[in-house]
Protein chains: 2
Amino acid sequence: MKNQNDKKQRTTVSIYGQQYTIVGHEDPAHVKEVIRHVDEQMREIKRKNPYLDATRLAVLVAVNAASQYKKLEQEVHSDQPHSEEK
Amino acid sequence: MKNQNDKKQRTTVSIYGQQYTIVGHEDPAHVKEVIRHVDEQMREIKRKNPYLDATRLAVLVAVNAASQYKKLEQEVHSDQPHSEEK
């Protein structure tokens, strides 16, 4: 599954109309999925809040993604699939 | 652990020098942790890339957070703690 290649991938992507070069060891399919998610989220928040500028949209997407990550991380770390009720 | 209160929390926070009102059912401690993470990440990327504007910083933090989330999600969904070798 993992890309064991030591070479860093350079991928040029477009997010909310701006070009970004993403550098890293990530699987290009993963990068594409992440980029699409961020781009879509920014556009969705913009539809609901047309007065927000690009910085605020991006910050809100960052907050949402970081929140999701931290919640999932906590779930995983406190993983008790069949918690006992006492 | 969960805030079972049905009332939405309104929390005013500062991220990279701008004020945001976060509305939701989240635990305020969780919100604070997430906000601090996003704010710190933006400042850290700025230190390494002083030419980046706030929108680009926020987009990059969003991309990183979404990437972390999607990787962890995949790990959890393909969770086979003791996969059998056959």
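Residues numbered from 1 in each chain as written. Chains lettered and ligands numbered in written order. Predicted model: local features only at pLDDT ≥ 70, side-chain atom pairs only at ≥ 80, totals over all residues. Heavy atoms only, no water.

By the naming in an unreviewed UniProt entry, chain A goes by Cell division protein ZapA and is assigned to Alkalicoccobacillus murimartini. Recorded under Subunit (unreviewed entry), the UniProt text for chain A is reproduced unchanged: "Homodimer. Interacts with FtsZ." As recorded by UniProt, the Function (unreviewed entry) comment attached to chain A reads in full: "Activator of cell division through the inhibition of FtsZ GTPase activity, therefore promoting FtsZ assembly into bundles of protofilaments necessary for the formation of the division Z ring. It is recruited early at mid-cell but it is not essential for cell division." (UniProt positions renumbered as here; feature names shortened; annotations may be inferred.)

(A) Just the packing of helix α1 (residues 28-48) of chain A against helix α2 (residues 54-77) of chain B, in detail. At a minimum axis distance of 9 Å, the contact between α1(A) and α2(B) shows a crossing angle of 125°. Looking at the two axes, α1(A) sits oblique to α2(B). Crossing handedness for the pair α1(A) and α2(B): right-handed. For the pair α1(A) and α2(B), contact is made by A:His30, A:Glu33, A:Val34, A:Ile35, A:His37, A:Val38 and A:Met42 and by B:Val59, B:Ala62, B:Val63, B:Ala66, B:Ser67, B:Lys70, B:Lys71 and B:Gln74, respectively. (Axes fitted to C-alpha atoms, helices over the stretch in contact; angles between N-to-C directions. Helix = DSSP H or I, 4+ residues; strand = E, 2+ residues; numbered from the N terminus. Parallel < 35°, antiparallel > 145°, perpendicular 65-115°, else oblique. Left-handed = near helix turned anticlockwise from the far one by under 90°. Contact = heavy atoms within 4.5 Å.)

(B) Region of interest: unusual backbone geometry. All names here are of chain A. If you check the backbone angles, Tyr16 has positive phi at about 50° while not being a glycine. With respect to the helices and strands, Tyr16 occurs in the loop between β1 (9-15) and β2 (18-24). Looking at Tyr16, the relative accessible area reads 24%, which means it is partly exposed. (Buried < 20%, exposed > 50% of the residue type's maximum accessible area, 1.4 Å probe, protein only.)

(C) Structural detail: the pairing of strand β1 (residues 9-15) of chain B. Residue and element names in this part refer to chain B. In this structure, β1 lies alongside strand β2 (residues 18-24), joined through seven bridges in antiparallel fashion. Across the sheet, residue Arg10 finds its bridge partner in β2, namely Val23. In textbook terms, the turn of a hairpin is the stretch between consecutive antiparallel strands, and for β1 and β2 this stretch comprises two residues, one of which, Tyr16, has a positive phi near 50°. (Pairing = 2+ DSSP bridges.)

(D) Representation of the pattern of salt bridges within the structure. Following the criterion strictly, the structure yields eight salt bridges over all chains and no others. Measuring nitrogen to oxygen at the nearest pair gives 3.0 Å for the salt bridge that ties A:Asp39 to A:Arg43. Here A:Asp39 pairs with A:Arg43, and both are found in helix α1, just four residues apart, close to one helical turn. When its relative accessible area of 16% is taken as the criterion, A:Asp39 is described as buried. Across the pair B:Glu26 and A:Lys71 runs a salt bridge, and its minimum N-O distance is 2.7 Å. Here A:Lys71 lies in helix α2 (residues 54-77) and B:Glu26 lies in the loop between β2 and α1 (28-48), a pairing that spans two chains. (Salt bridge = Lys/Arg side-chain N within 4 Å of Asp/Glu carboxyl O.)

(E) Representation of the packing of aromatic side chains. Overall, the coordinates contain zero aromatic pairs over all chains when judged by the stated rule. The ring of B:Tyr20 is capped by A:Arg56, whose NZ or CZ atom sits 4.5 Å from the centre of that ring. (Phe/Tyr/Trp six-rings, centres within 6.5 Å; stacked < 30°, edge-to-face > 60°. Lys NZ or Arg CZ within 6 Å of the ring centre and 35° of its normal.)

(F) Region of the structure containing α1(A). Residue and element names in this part refer to chain A. Between its first and last C-alpha atoms α1 spans 30 Å; for 21 residues at 1.5 Å apiece the expected length is 30 Å, and the two agree. Turning to α1, its buried residues number three or more, namely His30, Val31, Val34, Ile35, Val38, Asp39, Met42 and Ile45. Across the axial projection of α1, the buried residues extend over an arc of 160°, all falling on one side. Of the exposed residues in α1, the ones pointing more than 90 degrees away from its buried face are Lys32, Arg47 and Lys48. (Expected span 1.5 Å × (residues − 1). Arc of directions from axis to C-beta.)

(G) Just the nonpolar core, in detail. Counting residues in each nonpolar core, the largest one holds 40 residues, and the members touching the most others are A:Ile15 and B:Ile15. Contributing elements (two or more residues each) for this core: β1, β2, α1 and α2 of chain A together with β1, β2, α1 and α2 of chain B. If we skip the residues at most four places from it in the chain, B:Ile15 touches A:Val59, A:Val63, B:Tyr20, B:Ile35, B:Val38, B:Asp39 and B:Met42. (Core = buried A, V, L, I, M, F, W, Y, C linked by side-chain atoms within 4.5 Å.)

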